[in-house]
Amino acid sequence: MAGRPVIVWFRQDLRLADNPALTQAVRTGDPVLPVFILDKGSNAPSVGAASLWWLDKSLRALATDLKARGAGLILRRGDSQTELRRLIAEIGADRVYMNRLWEPEAAARDADVAHALRAEGVEVKGWNGTLLAPPGSVLNGSGQPYKVFTPFNRALMASLIPPSPLPPPEGLISPADVASDDLDSWGLHPRRPDWSGGFDWTPGEAGARAALEIFLGHGLKSYAVGRDHPAEPLTSRLSPHLHFGEIAPWRALQAAKAAAGDGQVAAGQADKFAAELGWREFSAHLLHHFPQLTTRAFRPEYDAMPWRTDPEALEAWRRGRTGYPLVDAGMRQLWTTGWMHNRVRMVVASFLIKHLLIDWREGEAWFRDTLVDADLASNVQNWQWVAGSGADAAPYFRIFNPITQGEKFDAAGRYVRRWVPELARLPDRWLHAPWTAPSGVLAAARVRLGHDYPRPIVDHTEARARALDALATVVGERASSGD
């Protein structure tokens, strides 16, 4: 005879396979109630518009997958603790199972929920379903968090014991007649206007599996070098699927390692992909140990940087109207697709921070709103890395030259021509610095600087000197380095 129901509280684990909380709930043999709560008090304000678009589609996919196995996905909106209490009372549940969240605010919320429910006699259990290793499990010889990536990644990979595959459960038994919100009423999909027409993604567990298969069959073979070239489809495109937990990170890692073990790809290619998963892990562990990263520089002296307030320049950067083609191409790709190539992310971030001397927090907020893969830990860590203020960060005086970056990584100009079509007729020689082209070349390409395409909003050489002068106010001496 079945016992009392178990609530499975879904969050950033929107999948059925390799889902420890769901699997453990099914193994009890008792009815299982899958639940997702849009918590307006804690997680919703930090979720950007592009991520809400993804969440809408991912929840629909999860609901379809659950329905095929005999269970409905219950949707509730409001305070998590309040909604869980209501559900417990409605169905007589005595257990809540979940995969843990590690971001400081979410972790604190979960701890409060667990404490309150346990005090009322409800069993609350959590598993790691989002990271390769839970924060706190990878520490240095002194028992302290790593602050440098390479030794962290070495220790992480050496300690990993990937769990055995957990297949999607079949034949779920779920309580009937439980009230649920209509997902359409949440308004997660943009309207008036619907700006998501260029979002070429398939959210959901099936979409994640398909993305991994495409990557294993194509991109992974030349990943180490190819991932730096934005016109080439050689990145994994797994980041939003990993963020929303549509695929377990250890499954992606195992698949890449297996491809190398079978001789399908060189071992170095799989190792490079593993290192990228390691960087994601490093970011999550850092944020867990140093929650101030979201608002303050990891290196406190960098909070004294003399940032400029320049709304016009900030808006030009957001809209891809800086006059630097690679920067503008990246920002337009972001606006149109909800994603940007990683190499270009570094260039546009450096441009905002160092060419424009605008606070990295402005850029982090924009990315958080416009990226479908806007993971808080990765986003903050990457922006601080570019700013030079983070753990294991690039030195502040490393200032990406958007011209030479374009010439090196988009030599044929296919990326720029796609996203900045007004420059499509310019010869490669002038494409990444159109203001240097002779007037006859511009005329033949039908480019009128200042009309069809903006002139640079800042001079690279002058901006670089200004950035180094600003750095001197923080570190006490003027640093110098090549671009």
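Thresholds applied
- Residues numbered from 1 in each chain as written.
- Predicted model: local features only at pLDDT ≥ 70, side-chain atom pairs only at ≥ 80, totals over all residues.
- Heavy atoms only, no water.
- Helix = DSSP H or I, 4+ residues; strand = E, 2+ residues; numbered from the N terminus.
- Rg over C-alpha atoms; globule rule 2.2 N^0.38 Å.
- Buried < 20%, exposed > 50% of the residue type's maximum accessible area, 1.4 Å probe, protein only.
- Contact = heavy atoms within 4.5 Å.
- Areas by Shrake-Rupley, 256 points an atom, 1.4 Å probe, with all protein chains shown as cover.
- Lys, Arg positive; Asp, Glu negative; His and termini not counted.
- Charge placed at Lys NZ, Arg CZ, Asp CG, Glu CD.
- Phe/Tyr/Trp six-rings, centres within 6.5 Å; stacked < 30°, edge-to-face > 60°.
- Pairing = 2+ DSSP bridges.
- Right-handed = clockwise from strand over helix to strand, strands pointing away.
- Core = buried A, V, L, I, M, F, W, Y, C linked by side-chain atoms within 4.5 Å.
- Axes fitted to C-alpha atoms, helices over the stretch in contact; angles between N-to-C directions.
- Left-handed = near helix turned anticlockwise from the far one by under 90°.
- Nonpolar A, V, L, I, M, F, W, Y, C, P; charged D, E, K, R; others polar.
- Parallel < 35°, antiparallel > 145°, perpendicular 65-115°, else oblique.
- 1 Å grid on protein atoms, 1.4 Å probe; cavity = no way out; pocket = protein on both sides within 12 Å on 5 of 7 lines; lining within 4 Å.
- Points joined across faces, edges and corners; volume = space filled by probe spheres on them.
- Salt bridge = Lys/Arg side-chain N within 4 Å of Asp/Glu carboxyl O.

1. Quick notes on the overall build of the protein chain
And then number 1: A tally of regular secondary structure across the protein chain gives 20 helices and five strands.
And then number 2: Scaling as 2.2 N^0.38, a compact globule of 483 residues should have a C-alpha radius of gyration of about 23 Å, and the protein chain matches this with 24 Å.
And then number 3: Projected onto its principal axes, the C-alpha positions of the protein chain cover 85 × 50 × 50 Å.
And then number 4: Evaluated residue by residue, the protein chain yields a buried proportion of 55% over its 483 residues.
And then number 5: Across the protein chain, contacts joining residues at least 24 apart in sequence account for 78% of those joining residues at least 6 apart.
And then number 6: Of the roughly 20,200 Å² of accessible surface on the protein chain, a fraction of 52% belongs to carbon and sulfur atoms.
And then number 7: Averaging the coordinates of the 55 positive side-chain charges in the protein chain and doing the same for the 55 negative ones gives two points 3 Å apart.

2. With respect to the packing of aromatic side chains
And then number 1: The tally for this structure, following the rule as stated, stands at 23 aromatic pairs.
And then number 2: Taking the centre distance of 6.2 Å and the plane angle of 65° together, the rings of Trp-53 and Trp-54 count as edge-to-face. The same class applies to Trp-53 and to Trp-54, which are both buried.
And then number 3: Their ring planes at 80° and their centres at 4.9 Å tell us that Trp-53 and Phe-199 sit as a pair that is edge-to-face. Of this pair, Trp-53 sits in helix α2 (residues 49-67) while Phe-199 is found in the loop between α5 (149-159) and α6 (205-217), placing the two residues 146 residues apart along the sequence.
And then number 4: Taking the relative accessible area as the measure of exposure, Phe-199 reaches 9% and is therefore buried.

3. Looking at the pairing of strand β5 (residues 123-127)
And then number 1: Of the strand pairs in this sheet, strand β4 (residues 95-99) and β5 are connected by five bridges, and their pairing is parallel. Bridge pairing in β5 links Asn-99 to Trp-127.
And then number 2: In this fold, the crossover linking β4 to β5 by way of helix α4 (residues 104-119) has right-handed handedness.

4. Some details on the nonpolar core
And then number 1: In terms of nonpolar packing, the biggest core is built from 103 residues, with Leu-220, Phe-273, Trp-317 and Phe-367 touching the most fellow members.
And then number 2: By residue number, the principal contributor to this core is helix α10 (residues 267-289), which donates nine residues.
And then number 3: With residues up to four places along the chain from it excluded, the contact list for Phe-367 reads Trp-317, Leu-334, Met-340, Arg-345, Val-348, Ala-374, Asn-379 and Trp-383.
And then number 4: In terms of nonpolar packing, the next biggest core, distinct from the first, is built from 31 residues, Phe-10, Leu-55, Tyr-97 and Val-372 among them.

5. Description of the packing of helix α11 (residues 311-319) against helix α14 (residues 360-370)
And then number 1: Following both chains from N to C, one finds α11 and α14 inclined at 35°, their axes separated by 12 Å at the closest point. The chirality of how α11 crosses α14 is right-handed. Residue-level contacts link Leu-314, Trp-317, Arg-318 and Arg-319 of α11 to Glu-362, Gly-363, Trp-366 and Phe-367 of α14.
And then number 2: In the contact of α11 with α14, the residues fall into four nonpolar, one polar and three charged.

6. Brief notes about the packing of α5 against α10
And then number 1: Direction vectors running N to C along α5 and α10 enclose 105°, while the axes themselves pass 10 Å from each other. Relative to α10, the element α5 is oriented roughly perpendicular. Only Ala-274, Ala-275, Gly-278, Trp-279, Glu-281, Phe-282 and His-285 of α10 make contact with α5, whose side of the interface consists of Phe-149, Phe-152, Asn-153, Leu-156 and Met-157.
And then number 2: By residue class, the composition of the contact of α5 with α10 is eight nonpolar, three polar and one charged.

7. Re the layout of surface pockets
And then number 1: Empty space within the largest pocket amounts to approximately 1,100 Å³.
And then number 2: What lines the largest pocket is a set of 38 residues, among which Arg-227, Glu-276, Trp-279, Asn-342 and Asn-382 lie closest to the centre.
And then number 3: For the lining of the largest pocket, the secondary-structure elements that each account for two or more residues are α8 (239-243), α10, α13 (342-355) and α15 (376-387).
And then number 4: For the lining of the largest pocket, the class distribution of residues is 18 nonpolar, eight polar and 12 charged.
And then number 5: For the second largest pocket, the calculated volume is near 680 Å³.
And then number 6: Lining of the second largest pocket is provided by 28 residues; of these, Asp-200, Pro-233, Arg-237, Trp-339 and Arg-418 occupy positions nearest its centre.

8. Examining the environment of Asp-392
And then number 1: For Asp-392, the location among the structural elements is in the loop between α15 and α16 (402-409).
And then number 2: For Asp-392, a relative accessible area of 27% translates into the label partly exposed.
And then number 3: As a C-alpha pair, Asp-392 and Pro-454 span 62 residues in sequence and 36 Å in three-dimensional space.
And then number 4: Excluding residues that lie within four positions of it along the chain, Asp-392 makes contacts with Lys-147, Val-148, Phe-149, Thr-150, Phe-282, Arg-299 and Trp-385.

9. A short note on the pattern of salt bridges
And then number 1: Applying the stated criterion across every chain, the model contains 33 salt bridges.
And then number 2: Here Asp-110 ties to Arg-11 by a salt bridge, and the two come within 2.7 Å at their closest N and O atoms. One end of the pair, Asp-110, is in helix α4; the other, Arg-11, is in the loop between β1 (6-10) and α1 (20-27), with 99 residues separating them in the sequence. As far as burial versus exposure is concerned, Asp-110 and Arg-11 are alike and both buried.

So far we have only geometry, and geometry alone does not tell us how the molecule works.
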